[in-house]
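# Coordinate analysis (summary)
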Amino acid sequence: MATGTGRPAVELCVVSGKGGTGKTTVAVGLAVSLAGAGAGEPRLVDCDVEAPNAHLYLRPDAPEETEVTVMVPVWDPGRCCRCGACANACAFGALGLFGDRLVVFPEHCHGCGACGYVCPEGALSERPQRIGVVNRGRAGGVVVTWGVLDVGQPRAVPVIEAARARGRTGSDQTVLDGPPGTACSLAAAARGVDGAVVVTEPTAFGLHDLELAWESLRVLGVPAGVVINKAVGGRGPVHAFCERKGLPVLLEIPLDRAVAEAGAAGTPLPDAFPRYRTVFQDLWEDCAARFPERTSP
Ligand code: SF4
Ligand code: SF4
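Residues numbered from 1 in each chain as written. Chains lettered and ligands numbered in written order. Predicted model: local features only at pLDDT ≥ 70, side-chain atom pairs only at ≥ 80, totals over all residues.

### Side note on the packing of helix α7 (residues 204-220) against helix α8 (residues 237-245)
For clarity, the threshold we go by: All axes are obtained by fitting lines to C-alpha atoms, using only the stretch in contact for helices, and the reported angles, taken between N-to-C directions, cover 0 to 180 degrees. Only DSSP runs of H or I covering at least 4 residues are called helices, and only runs of E covering at least 2 are called strands; the numbering of each starts at the N terminus. Here roughly perpendicular refers to angles of 65 to 115 degrees, roughly parallel to angles under 35, roughly antiparallel to angles over 145, and oblique to all remaining angles. Crossing handedness: left-handed means the near helix sits turned counterclockwise from the far one by under a right angle, and right-handed means the same turn made clockwise. By the criterion used throughout, residues are in contact when their C-beta atoms, derived from the backbone, lie within 7 Å. Under this grouping Gly is polar, as are all residues other than the nonpolar Ala, Val, Leu, Ile, Met, Phe, Trp, Tyr, Cys and Pro and the charged Asp, Glu, Lys and Arg.
Remark: α7 packs on α8, axes separated minimally by 9 Å, with the N-to-C direction vectors making an angle of 20°. Considering the angle they form, α7 stands roughly parallel to α8. The handedness of the crossing between α7 and α8 comes out as right-handed. Residues Gly-206, Leu-207, Leu-210, Glu-211 and Trp-214 of α7 lie in contact with α8, whose contacting residues are Pro-237, Val-238, Phe-241 and Lys-245. Residues that form the contact of α7 with α8 fall into these classes: six nonpolar, one polar and two charged.

Pasting the structure below:
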């Protein structure tokens, strides 16, 4: 799909097998470097909804907040015949028939609607329950969107999907800051993107987490490349793994105390060190060339 500029609309997800590798540093660096580069306003979408912090780098003014809700069942005891079909149909243990009382555990409900479908008495309706919010604002030429999962809520996926839907519209260039790890949240953030950048470190732990992330992306059918953060020069096990799997090493960010200090101060790398603007622009162009635009969502 081409957007207003006629260029292909590229959606890139930055991921890591674990937190703290520099994933957000790379995602923010990409978005900031693309701003003002002539292709419209890039989108930065923080899908790390349990601990979003990309917006802390950019500090958008007056963001608009939208609630994210899921539908949960509401029981009508007056119509219920206590057959238990709803509880048996629920694959998530969100319903329990205790004596003559049906108990709904909304925090376990996935909103699939199966209980209402099997109920013979029409005794189950639905109500929306808030599980988080999506915020959207502008800063430094970037449209920044970030999802926030409410405290105590276990369902990150609907918030990630809402953030992606709200965040990517109308731009040729969308950078998703994915959640760390390889669980459902990663699938929700990376499914259907044009390509992924896996950020890792040149350590045994980094290699282990890279292997997990690569395997998850392979299952999702998402092509990927690797950014090695805190690189110390030379070749190591991460390079060997990438070579074995045909994973391109797209960029190495050297281990540098000044880079770490900029991150700790919440300063995007291209703002702290202008040379990184070109580095990240080149990274984007490299990815756009390697990962051809998908035709399916
Ligand atoms: S909507 Fe689905 S997940 Fe929720 S209680 Fe009903 S069957 Fe269970
Ligand atoms: S399926 Fe309907 S009628 Fe049967 S226990 Fe559940 S709510 Fe009651």
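### Here's the deal with the domain arrangement of the protein chain
The condition is simple: The start and end points of each domain follow an automatic or database-based domain assignment.
You can read the domains of the protein chain as domain 1 (10-68 + 137-290) and domain 2 (77-122). Averaged C-alpha coordinates put domain 1 and domain 2 at centres separated by 40 Å.

### Considering the packing of helix α1 (residues 23-34) against helix α11 (residues 275-290)
Between α1 and α11, the least distance of the axes is 8 Å, while the angle of their chain directions is 95°. Here α1 lies roughly perpendicular to α11, going by the angle between them. Listed contacts from α11 to Gly-29, Leu-30, Ser-33 and Leu-34 of α1 are Tyr-276, Arg-277, Phe-280, Gln-281, Leu-283 and Trp-284. For the contact of α1 with α11, the class distribution of residues is six nonpolar, three polar and one charged.

### Looking at the site of ligand 2
What counts here: Nearness here is judged by the C-beta atom: place it from the backbone, and if it falls within 6 Å of a molecule or strand, the residue counts as near that partner.
Not every one of the 16 residues close to ligand 2 is listed here, only the nearest: Cys-80, Cys-83, Cys-86, Cys-119 and Ala-123. Tallied by class, residues from the shell around ligand 2 come to 13 nonpolar, one polar and two charged.

### Focus on the site of ligand 1
In the region of ligand 1, 13 residues are neighbours, and Cys-90, Ala-94, Cys-109, Cys-112 and Cys-115 sit closest. Per-class residue counts for the shell around ligand 1 are 10 nonpolar, three polar and no charged.

### Digging into the pairing of strand β6 (residues 124-139)
Convention followed: A pair of strands counts as paired when DSSP detects no fewer than two bridges linking them.
Bridge count between strand β3 (residues 61-75) and β6: 13 bridges; the pairing is antiparallel. Paired with Val-70 across the strands is Gln-129, a residue of β6. Relative to strand β7 (residues 142-149), β6 runs antiparallel, the two being bridged by eight bridges. Bridge assignment links Arg-136 to a residue of β7, and that residue is Thr-145. What sits between β6 and β7 in their antiparallel hairpin is a turn of two residues, with Gly-140 showing a positive phi close to 55°.

### Digging into the nonpolar core
Note the threshold: The term nonpolar core refers to a set of buried Ala, Val, Leu, Ile, Met, Phe, Trp, Tyr and Cys residues connected through C-beta atoms within 7 Å. Exposure classification rests on a simple neighbour count of other C-beta atoms within 10 Å of a residue's own: a residue reaching 20 or more is buried, one at 12 or fewer is exposed, and one in between is partly exposed. C-beta atoms are placed from the backbone.
In terms of nonpolar packing, the biggest core is built from 67 residues, with Val-14, Ala-31, Val-159, Ala-196 and Val-198 touching the most fellow members. Sorting elements by how many residues they give to this core places α1 first, with seven residues. Apart from residues no more than four positions distant in its own chain, Val-159 is found in contact with Val-49, Val-68, Ile-131, Gly-132, Val-134, Gly-147 and Leu-149. Membership of the second largest hydrophobic core comes to 12 residues, among which are Val-72, Cys-80, Leu-95 and Leu-124.

### Considerations on the environment of Phe-291
Within the secondary structure, Phe-291 is located in the segment after α11. When the C-alpha positions of Phe-291 and Asp-194 are compared, they lie 5.8 Å apart, and in sequence the two are 97 residues distant. Discounting residues that sit within four places of it in the chain, Phe-291 has contacts with Asp-194, Gly-195 and Pro-223.

### A word on the sheet that holds strand β10 (residues 224-231)
In spatial order, the strands read β3-β6-β7-β2-β8-β1-β9-β10-β11; together these nine strands make up an open sheet with mixed pairing. Two strands close off the open sheet at either side, each with one partner strand: β3 and β11 (249-254). Strand after strand, the sheet turns through a mean of 20° between neighbouring axes, direction not considered. Across six bridges, the pairing between strand β1 (residues 10-16) and strand β8 (residues 173-180) is parallel. Looking across to β8, one finds that Leu-12 is bridged to Val-175. Relative to the sheet, α1 contacts β1, β2 (43-46), β7, β8, β9 (195-200) and β10, its axis offset from that of β8 by approximately 170°. Sheet strands touched by α11: β1, β9, β10 and β11. Its angle to β11, the strand with the most contacts, is close to 165°.

### A word on the environment of Ala-85
By the secondary structure assignment, Ala-85 is in helix α3 (residues 85-89). Owing to 18 C-beta atoms within 10 Å, Ala-85 belongs among the partly exposed residues under this scheme. Spatially, the C-alpha atom of Ala-85 lies 9.9 Å from that of Ala-114, the residues being 29 residues apart in sequence. If we skip the residues at most four places from it in the chain, Ala-85 touches Val-118, Cys-119 and Pro-120.

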